[in-house]
Amino acid sequence: MKLADNKATLSFSNGSPSIELPVYQGTVGPDVVDIRKLYGQTGMFTYDPGFLSTASCQSAITYIDGDKGELQYRGYPIEQLATNCDFLETCHLLLYGNLPDAAAKAQFSKRVTQHTMVNEQMQFFMRGFRRDAHPMAILTGLVGALSAFYHDSTDINNPEHRDVAAIRLIAKMPTLVAMAYRYSLGLPYMYPRNSLSYAGNFMHMMFASPCEDYVVNPVIERALDRIFVLHADHEQNASTSTVRLCGSSGTNPFAAIAAGVACLWGPAHGGANEACLNMLDEIQRTGGVAKVGQFMEQVKDKNSTVKLMGFGHRVYKNYDPRAKLMQETCKEVLAALGLENDPLFKLAMALEKIALEDDYFVQRKLYPNVDFYSGIVQRAIGVPVNMFTGVFALARTVGWIAQLNEMIGDPEYKIGRPRQLFTGAARRDVLPIAKR
Ligand code: CMC
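For the structure given in this document, a descriptive report is provided here. Please read all numbers here as calculations on a predicted model, not as lab measurements.

Observations concerning the nonpolar core
Judged by nonpolar contacts, the single largest core of 118 residues is most densely connected at Phe228, Leu280 and Leu308. Here the element with the most residues in this core is helix 7 (residues 159-185); it accounts for 14 residues. In contact with Leu280, not counting residues within four places along its chain, are Leu344, Leu347, Ala348, Leu351 and Ile376. Counting six residues, the second largest nonpolar core, distinct from the first, contains Ala8, Leu21, Val23 and Leu38.

Topic: the site of the ligand
In the vicinity of the ligand there are 22 residues, among which His269, Lys302, Leu308, Gly310 and Arg314 approach most closely. Residue Asn369 places a side-chain N or O atom 2.9 Å away from an oxygen atom belonging to the ligand. Alone, the ligand offers 940 Å² of accessible surface; in the complex the protein occludes 75% of this.

Regarding the sheet that holds strand 5 (residues 70-73)
Taking strand neighbours across the sheet as the criterion, the three strands line up as 4-5-6 in an open arrangement whose pairing is antiparallel. The outermost strands of the open sheet, each flanked by one partner alone, are strand 4 (62-65) and strand 6 (76-77). Bridging between strand 4 and strand 5 involves four bridges; their strand directions are antiparallel. If you follow Tyr63 over to strand 5, its bridge partner there is Gln72.

Side note on the environment of Arg427
Tracing the backbone shows Arg427 in the segment after helix 18 (388-409). Of the residues examined, Arg427 reaches a relative accessible area of 75% and is grouped as exposed. A distance of 2.8 Å separates polar atoms of two side chains, one belonging to Arg427 and the other to Asp429.

What to know about the environment of Phe388
Position of Phe388 among the secondary structure elements: in helix 18. With a relative accessible area of 0%, Phe388 lands in the buried category. Each C-alpha atom, one on Phe388 and one on Pro135, is 9.2 Å from the other, the two residues being 253 residues apart in sequence. Setting aside residues up to four positions removed in sequence, Phe388 forms contacts with Asn273, Glu274, Leu277, Gly375, Gln378, Arg379 and Val383.

Considering the packing of aromatic side chains
Between two aromatic rings, the relevant description is the distance of the centres plus the angle of the planes. Scanning the model with the defined rule gives 13 aromatic pairs in all. Taking the centre distance of 6.2 Å and the plane angle of 75° together, the rings of Tyr181 and Phe207 count as edge-to-face. Of this pair, Tyr181 sits in helix 7 while Phe207 sits in helix 8 (residues 198-207), and the two are 26 residues apart along the sequence. The exposure class of Phe207 is partly exposed, given its relative accessible area of 27%. Among the aromatic residues, those joined into a cluster by ring pairs are Phe311, Tyr360, Phe361, Phe372 and Tyr373. If you follow Arg131 out to its NZ or CZ, it ends over the ring of Tyr183, 4.2 Å from the centre. Just above the ring of Tyr360 sits the side chain of Arg364; from NZ or CZ to the centre is 3.8 Å.

Thoughts on helix 10 (residues 238-247)
Considered for burial, the residues of helix 10 that qualify are Ser239, Thr240, Val243, Arg244 and Gly247. Across the axial projection of helix 10, the buried residues extend over an arc of 140°, all falling on one side. Where helix 10 is buried, its residues meet helix 11 (253-264) and helix 18.

Topic: the pattern of salt bridges
According to the stated counting rule, one finds 18 salt bridges in the structure shown. Among the ionic pairs, Lys300 bridges to Glu297, the shortest N-O distance being 3.7 Å. You can see Lys300 and its partner Glu297 sitting in helix 13 (residues 292-300), three residues apart, about one turn around the helix. Residues participating in the shared-partner salt-bridge network are Asp34, Arg36 and Glu412.

What counts and how
- Residues numbered from 1 in each chain as written.
- Predicted model: local features only at pLDDT ≥ 70, side-chain atom pairs only at ≥ 80, totals over all residues.
- Heavy atoms only, no water.
- Core = buried A, V, L, I, M, F, W, Y, C linked by side-chain atoms within 4.5 Å.
- Buried < 20%, exposed > 50% of the residue type's maximum accessible area, 1.4 Å probe, protein only.
- Helix = DSSP H or I, 4+ residues; strand = E, 2+ residues; numbered from the N terminus.
- Contact = heavy atoms within 4.5 Å.
- Near = heavy atom within 4 Å.
- Polar contact = N/O pair within 3.5 Å; in protein donor to acceptor, adjacent residues only side chain to side chain.
- Areas by Shrake-Rupley, 256 points an atom, 1.4 Å probe, with all protein chains shown as cover.
- Pairing = 2+ DSSP bridges.
- Phe/Tyr/Trp six-rings, centres within 6.5 Å; stacked < 30°, edge-to-face > 60°.
- Lys NZ or Arg CZ within 6 Å of the ring centre and 35° of its normal.
- Arc of directions from axis to C-beta.
- Salt bridge = Lys/Arg side-chain N within 4 Å of Asp/Glu carboxyl O.

Purely geometric numbers; function is a separate question.
Rendered as structure tokens:
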């Protein structure tokens, strides 16, 4: 973080003395006004619900230019990473700041694969859940429970603990997501197969049967790997900020990541892929492509709460670069599986076409986001709709843990403690119950 040449001056119309605030520059992107001394100097807070204009931290991990539709992990454009690197290389990049060479990649992959199994006792923990529990409810519980199973990596202030926790989380998330899926169907859990790739092993744990050999379809393996790469990190979004805030109290890494899983579940965030597929299903059920126009009228109606799920983004106001890459994968998967004429895919394309041409969406700069396509891909692969967000959580875990570790290593890090503008009742006295 570098001091800019200019400073900001804050003046008040009531004659209070004005104050000067330092301005810092990053490598790229908007400068920031440092308001840390504002309260001390003026007795005032800033007000920014939803953090529309607030940088909550400095970070060197992920950069997004929402107007240009650019996303970079550690400086590398997402398009290059998605086409040249696999997920474990991307994990190495996010965690350690560099892309591994062949030897470092082999060593990192070996470390991850050594941790893919979970404590056998977790099966019994799992049994406490209803079979029809939402997988995200199960996942939140399972990830939180890791802190009860891996005591030797729970000290967030110990760099070795943090490193082992990072590897464990990346390695065990596919196992936990697959366990949640198999449990819901009453199927036996499949142990990890360490000879397979990260994505291939996940497919094996999800879809293989102990009675038969399972052959990984390379098109699906590549598609899943791309889903993982595209979802691996996304700077200070709601779940990442949740992980940072949670971890800032000194809680253990597993508890902090469980908080991230819980936040991701919401339909405005990671739950959008599930919500998008449910929306497509609903339109399909009530008339299909012929009903798209009517549905769009509802979306645009100010008095309705219906949104076009999978559209719009807080930061991307041009296009979501992940969506472009996911659209490619979507076409590849549907072609490989002979599903090009899938009615739901056709419906999605009809919605996309109308939305991209409609003034309502154009004026508000609403474009399809990654979840619009990732849901279609996952459905084609055979992942059930209510598992979609779990797959997102699996992929985002590395981003969460990289951001958490970055925060703990930052000498300026403090417990996160936002303030408020209080608008409730001023001090008043409690009346005896008979007089209230
Ligand atoms: N459908 C219809 N109208 C929309 C939509 C949508 N999907 N998204 C935004 N708008 C409208 C919104 O009603 C508002 O209109 P007006 O100015 O007339 O009041 C305007 O566009 C600006 O919206 P906003 O709510 O101020 O935008 P935001 O930046 O606060 O919200 C969002 C971003 C992602 C929460 C929102 O676009 C949304 O709810 N989209 C659908 C859910 C979704 O797909 N989320 C996944 C995000 S990508 C995955 C991830 O990173 O988690």
